[in-house]
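Single-letter residue listing:
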Amino acid sequence: MFNLFKKNTAEKAVMPFNTDIHCHIVPGVDDGSPDAVTSAEIVERLGAMGVRRIIASPHVTQDTFENTPEVLDSALAELHTEIEKRGIEVEVSRSCEYRLDEFFQSQFKAGNITPYPGNYLLVENSFFSEVWNLETVLFDLKVKGYKPVLAHPERYMYYDRARYDKLHGVGTLFQVNMLSLAGFYGPAQKKNALYLLEKGYVDFLGTDIHNHRHVDAIEAYLKSRDYAKIAPRLTVGNDSLIR
Ligand SMILES: [Fe+2]
């Protein structure tokens, strides 16, 4: 019999992409996963949601996380060992999430930058204010052959819609967090994320997972009626990033 009260929710959480490009699972290098065991558990859970490849994005931020390629690669090697030990079939590599500050500029000059495949660079503002010369920095990166992707623009509470229109209009790519769509950070961030989606400004999606609590939130969201409504509109470039 036709059931009017049938739940419109998914039994299984399935991510809208196979490649996660924003994830803090390089162990012990930032405010994300503290150790290789936790990271491998998170990778395994993402694998169960259909993720086949993770390009991790450890923070590179002046004063707090002044990570160099050597530090990041040795931490990543520890994670690879743990993943192999557990037989997890998810490919894990790394780029970075670069805060546009003086440390970034110095690392850039020293050639210590690891872009994503296709020369994409994941960059972020601080949560208090936009970097004062953002447009010039983005322009300079483009001139040097990089494709800057602004991480989670929906989380910058000092941004308004005119700023989104302007930045995207001049060719800045946007990466929106699944956690924002899930409402994890609050209603304002969710509203902004939905605005960006409605305008066609969501070029990439990412999880921005730092811990198991984040995985729980995304898992629940992917099974929700709320997610089912927008899922058909989530067409992004994540899986086209080929080395
Ligand atoms: Fe992040």
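Remember, it's a predicted structure, so these values are computed and weren't measured experimentally. (Residues numbered from 1 in each chain as written. Predicted model: local features only at pLDDT ≥ 70, side-chain atom pairs only at ≥ 80, totals over all residues. Heavy atoms only, no water.)

This paragraph deals with the sheet that holds strand β2 (residues 53-56). The strand order across the open sheet formed by three strands is β1-β2-β4, and the pairing between neighbours is parallel. Every other strand in the sheet has two partners, leaving β1 (19-20) and β4 (91-94) as the edge strands with one partner each. Judged from the four bridges that link them, β2 and β4 form a sheet pairing that is parallel. Note on β4: the bridge partner recorded for Ala-56 is Arg-94. (Pairing = 2+ DSSP bridges. Helix = DSSP H or I, 4+ residues; strand = E, 2+ residues; numbered from the N terminus.)

Relative orientation of the contacting elements helix α5 (residues 161-169) and helix α7 (residues 187-199) amounts to 40°, with a least axis distance of 11 Å. When the axis of α5 is compared with that of α7, the two are oblique. Here α5 runs over α7; the crossing is right-handed. Taking contact as the criterion, the partners of Arg-161, Tyr-164 and Asp-165 in α5 are, on α7, Lys-191, Asn-192, Tyr-195, Leu-196 and Lys-199. (Axes fitted to C-alpha atoms, helices over the stretch in contact; angles between N-to-C directions. Parallel < 35°, antiparallel > 145°, perpendicular 65-115°, else oblique. Left-handed = near helix turned anticlockwise from the far one by under 90°. Contact = heavy atoms within 4.5 Å.)

Below, the discussion takes up the state of the cysteines. Under the defined criterion, the tally for this structure stands at zero disulfides. Lacking any disulfide linkage, Cys-23 is separated from the closest cysteine sulfur, that of Cys-96, by 13 Å. A relative accessible area of 0% means that Cys-23 is categorised as buried. (Disulfide = S-S within 2.5 Å. Buried < 20%, exposed > 50% of the residue type's maximum accessible area, 1.4 Å probe, protein only.)

Before going further, it helps to spend a moment on α5. All of the buried residues along α5 are Arg-163, Tyr-164, Leu-167 and His-168. Looking straight down α5, one finds that the buried residues subtend no more than 120° of arc, so they occupy a single side. Seen from the open side of α5, the exposed residues pointing more than 90 degrees away from its buried face are Ala-162 and Gly-169. At the exit of α5 stands Gly-171, carrying a positive phi of roughly 95°. (Arc of directions from axis to C-beta.)

A separate point is the environment of Pro-153. Residue position: Pro-153 is located in the loop between β7 (147-151) and α5. Of the residues examined, Pro-153 reaches a relative accessible area of 0% and is grouped as buried. In this structure the C-alpha to C-alpha distance between Pro-153 and Tyr-98, which are 55 residues apart in sequence, comes to 14 Å. Residues in contact with Pro-153, not counting those within four places in the same chain, are Tyr-159, Tyr-164, Phe-174, Gln-175 and Leu-196.

Treat this as a map of the structure, not an account of what it does.
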